[in-house]
Amino acid sequence: MMNHFMILAVLLHLRTCYTAYSQQESSVFPVTYLNISKDSDLQQLLVEWDVVKSAHDAELAMSFEIQVRRTDEAATVWTEFHNVTLDKLEKPLHWTWDSDIPLECMSHAVRIRSKAEASKIWSQWSLWETLPGLDTSNRSGPLIFPKEKVLAEGSDITLCCIGRKGQTIKEFSVYPAIDVFKHTNSQVSLLTVENLSHDKGSDIYVYCYDEDKQFHHADFFVGRPPDTPKDFSCQTRDMKRVTCTWTEGETYLYGKNSPRYTLSKTSSQKMSLCEASCSKQCSCSWDIGQQRIWNVTLTVENLLGKKTATDVFDVKHRIYPTAPLQVWEDSTDTEITLHWNYEKIGVELFWQTEVLQPDGKVELHNSSDVESRHKRVTVRGLQPYTAYTARVRCGAAKHFWRWSEWSPPLPIRTKEGTPSGKLDMWREITPVLGGQNVTLFWKKTPSFQANGKIISYEVTWEKLEDGSKPESFSFSSVYNSTRIFIDNHSYKISIMAKNNVNFSLPSVLIISGAPDNSTEELKEGLVNGTDDGILISWEPRSIYDSYIIDWCNFPRLQPCDLQWKRFGPNTSSAVISSGVRYKFRIYGSVANKASILEKKIGYLRELPPRLDPVVRKVDLTYHSVTLSWDSYLTDESEPGFLRGYHVYVSPIQGNCNLKGSKKHLLPDDSELCKYTIENPEEKRYTVEHLMPNTKYKIVVKAFTGGGETPIVNFRYIDTPYNSNMLYFVFLLVIVPTLVAAVCHWKMKWVKECCCPVIPSPNKSKVLSFKECKIDSEKVLKINDCIPDVLAMDSNDETQKLHPVTWSPLSSTPTEEKIDVHNSSWIYPSENVARDFPPPSMPETHTCFENFAYSSPLEAESDPCQIPETLEAGKTAVMLYQPQCYLDIFHEDAASTTRETGDRKKSLRYISQTDVHCMGGRL
């Protein structure tokens, strides 16, 4: 039965839930109440509304859509959904909206609709509820909103200027000028400034006026919210009052907008402990009473924000004592005692004394506290008659927190004491009649301590040989040299410095009786300057226990300010810081007796020569120039040792590239050829490889270890013409020209001699005969011409003819039998013979020679000539052999000659050229 009732209860509950859900699904809950207002300081729109009571009773989860619009804009400027679960208390609902423009600038309207979250149906929109802006009011002039306020750096702000009804805003601007965005209608003008900055000043001035010149303005301040206070700490100086200090951060806000500081107990921040003051550092103080543990909070705030800092401390752990104010002293020659009075503050202190030495070093001396009010501390190990500066400070011995400030510095000078160390003494000896003048010099060494004020120097000298009574003399402290006369015996000389307490230890020199002539035999060696001074070296000797170098600081003046420097026995070089040209003497010393070892001269820094060499003679050839100059002065007045000469050469036009030279650039980038002469004794130099007929500039410069003076003045030279070149030009040009002229003048003769004309057979008389035809061939009758040579192919025909010989001495022909086998005829050269087939057997020819036609010829080497000698009485002739045959009977002689066997009676003619006879022409 019980189970039955439980099932019925569950079913009844499920039905009730389903019914309620169905009602929610099908019902809407419209807004029954809507009200809007504004918060002008925060520029927020405050919206309040409510729905029907049934929605509260059902504790529904509701969704509301809220829309905001402005009167001058048709579109909605903001839409937002707001979800809330209602309760049965029936409290109105609230929503806030931050406006991007001042709410006073124009009217704003809000409407809302709702729905249950379980439903998909929205209620009807409520009516627009309007919050009027000042644009609807009637005013006497324009207004700017928002009103004056502090703005955060980096933020944006929109300002508006509202004009009177019916009036138009003519100008709405910001000073100083910055980038703005403007939007203007007839009555309301908007101005937006983005990313505010204090770069152009933290004060922004805004102004506007309408068309009636009605004016309004407002000031805005750009700054930063405060930072957390830095270096915040609290301490006490006398266990009665606590002072907290901190560093103020920069907010760029001043005056009434400056940050406000509040110091309070952390447990009760509403009650301030003190009022803060800020100048270079902020501080705040209050009486601590009997409380020892404190927990305080520092709050800093301005209109843009607020920050806090907290400090928890025990007063006994924050002791910051005051400085001792009255400090006095008493001293001896090596120690000082400081005294001061200090009031007790209830904690143990310890003290620190600072002693500042003359060289800038600082010594710290710590001491513990004493019970008495009078305090003192003693500092030992100080130098006599030395100025010191002392001061004192203190701090807590337990739970040290900070040192106090230093007491005012107290100048102190220790008392005088006996001088320590010896003076450094040296001498210069000048032999005179009857003895020597000894000039003594002395100076304080680094190891010498006067330990007071030197009032005098006492010089004593005594003869070493006979033990006579010493002589002495006292000099004022203003002197550092004196001169004494001694005879030619050995003397011991000493010097002591005296202050108000005692004498120093004596410094001793032994002067030998015999004059030291070795200095005249020493040759001066050269030494070089370095960046640090003049480097001097010498040959060490084991017999000496020290070495001395002396020189004059002003060698050209008298007195020359003699200087000297001592070195130990293991030293063989030194760097002397001097200037100009110096002479150094190096001494070895043993048992206070010095002997000269070496002499040196040198410069701290060599300079270029003051003058250039004077070139006295210039010898020129077409390819070289020889320069000669005077000897260069090398006395002590020169600023450096002469090292040699430089010769500079360059053509007036073009760059210089002479063989054996180096390139040298002038400041104007012009180029010279440079020759170096490293022998300073050289006074002559020849520059070779010059170009003839060329103008050069040339200069000779002396140089030292310090270089040479700048090149300013040149000497100009002109090299002469090259005569050999003229001869070459004459042979190369003139002679060929003359030969060509002569050849042109005797052209015909030259042509005949060099290129003789070979006569044409067509122009020969051999063809000018009367025609005689035999079987349609032309036949030459011997009577019609006088040939030079006839060759017969047939021996039978040869027998019928008798050779006729013409004597060159007679016009009468003679007959002489000629051996046909020794005929002067031969076949033509191979150029012609190649056209004929070689005969199968030797062929015999008979030649008839006309000596009136032929003459003695000079043998000439010609591939077309084959000379033969014929005996004709007593006359020998050279026959010119033609290069080819000419058949006078037929044009096809070349072909018919191959048929020699068929035409044994045909006659061939050998052409004759012009011949020379005994240098003349026939």
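No experiment lies behind these values; they were computed from the predicted model shown. (Residues numbered from 1 in each chain as written. Predicted model: local features only at pLDDT ≥ 70, side-chain atom pairs only at ≥ 80, totals over all residues. Heavy atoms only, no water.)

K.L.:
How would you explain the sheet that holds strand β48 (residues 662-665) if you had to name every residue and give the values?
P.N.:
Either a parallel or an antiparallel arrangement is found when strands of a sheet pair, and the pairing is made through backbone hydrogen bonds. Spatially, the five strands line up as an open sheet ordered β48-β49-β47-β51-β52, and their pairing is antiparallel. The strands lining the two open edges of the sheet, one partner per strand, are β48 and β52 (715-718). Ignoring strand direction, the axes of neighbouring strands in this sheet form an average angle of 35°. Where strand β47 (residues 642-651) meets strand β49 (residues 671-677), five bridges bridge the pair, whose relative direction is antiparallel. In the strand pairing of β49, V647 is matched with Y675. (Pairing = 2+ DSSP bridges. Helix = DSSP H or I, 4+ residues; strand = E, 2+ residues; numbered from the N terminus. Axes fitted to C-alpha atoms, helices over the stretch in contact; angles between N-to-C directions.)

K.L.:
Summarise the packing of aromatic side chains; cite the residues concerned and give the values.
P.N.:
One pass over the full model with this rule turns up 22 aromatic pairs. Taken together, a centroid distance of 6.2 Å and an interplanar angle of 50° make the contact between F81 and W122 tilted. Taken together, the positions of F81 in strand β4 (residues 76-85) and W122 in the loop between β6 (108-116) and β7 (129-131) put the pair 41 residues apart, joining distant regions of the chain. Arranged with centres 5.8 Å apart and planes meeting at 50°, the rings of W538 and F567 form a pair that is tilted. Taken together, the positions of W538 in the loop between β39 (534-537) and β40 (546-552) and F567 in strand β41 (residues 562-567) put the pair 29 residues apart, joining distant regions of the chain. Comparing W538 with F567 shows no difference in burial state: the two are buried. Chaining the aromatic ring pairs together yields one cluster made of W442, Y457, F473 and F475. It is K498 that lies over the ring of F503; its NZ or CZ is 5.6 Å from the centre. (Phe/Tyr/Trp six-rings, centres within 6.5 Å; stacked < 30°, edge-to-face > 60°. Buried < 20%, exposed > 50% of the residue type's maximum accessible area, 1.4 Å probe, protein only. Lys NZ or Arg CZ within 6 Å of the ring centre and 35° of its normal.)

K.L.:
Go over unusual backbone geometry with me, naming the residues and quoting the values.
P.N.:
The linkage connecting F145 with the following residue, P146, adopts the cis geometry, with an omega of -5°. Along the chain, the position of P146 falls in the loop between β8 (143-145) and β9 (150-152). Located in the positive-phi region is Q43, a residue other than glycine, with phi close to 55°. For N693, which is not glycine, the phi dihedral falls at a positive 50°. Among the structural elements, N693 can be located in the loop between β50 (684-687) and β51 (695-704).

K.L.:
How would you summarise the pairing of strand β42 (residues 573-576) if you had to cite specific residues and measurements?
P.N.:
Here β42 shows a clear split, with A574 and I576 buried on one side and none of S573 and V575 buried on the other. Across four bridges, the pairing between β39 and β42 is antiparallel. Counterpart to I534 in the pairing with β42 is I576.

K.L.:
Give a description of the environment of I101 that names residues and reports values.
P.N.:
Position of I101 relative to the elements: it lies in the loop between β5 (93-98) and β6. Between the C-alpha atom of I101 and that of P146, which follows or precedes it by 45 residues, the distance is 8.5 Å. Ignoring anything within four residues of it in the chain, the contact list for I101 reads Q43, R70, M106 and T158. (Contact = heavy atoms within 4.5 Å.)

K.L.:
Which residues make up the confidence of the model for the protein, and what are the values?
P.N.:
Taken residue by residue, the protein gives an average pLDDT of 77. The fraction at 70 or more is 74%. Mean pLDDT values for the elements of the protein range from 35 in strand β63 (residues 916-917) up to 94 in strand β36 (residues 491-498). Between residues 18-26, whose pLDDT stays under 50, and residues either more than four places distant or in other chains, the model counts seven contacts. In this model, residues 801-922 is a region of pLDDT below 50 whose contacts with residues beyond four sequence positions or in other chains number 195 contacts. (pLDDT = per-residue confidence, 0-100.)

K.L.:
Quick one: what's the story with the state of the cysteines, residue by residue and with numbers?
P.N.:
When the sulfur atoms of two cysteines share a covalent bond, that bond is a disulfide. In the structure shown here, the tally under the stated rule is six disulfides. The side chain of C234 participates in a disulfide bridge whose partner is C244; the two sulfur atoms lie 1.8 Å from each other. Measuring the twist about the S-S bond at about 105°, one finds the C234-C244 disulfide to be right-handed. With a gap of 10 residues between them, C234 in strand β16 (residues 230-236) and C244 in strand β17 (residues 241-247) connect regions that are remote in the sequence. Each member of the pair C234 and C244 is classed as buried. Paired through a disulfide, C274 and C284 show a sulfur-sulfur distance of 1.4 Å. Of note, the bridge from C274 to C284 carries an S-S torsion of about 135° and is right-handed in sense. Within this pair, whereas C274 is found in strand β19 (residues 268-275), its partner C284 is found in strand β21 (residues 282-287), the two being separated by 10 residues in sequence. Accessibility expressed as a relative area gives 12% for C274, which makes it buried. (Disulfide = S-S within 2.5 Å.)

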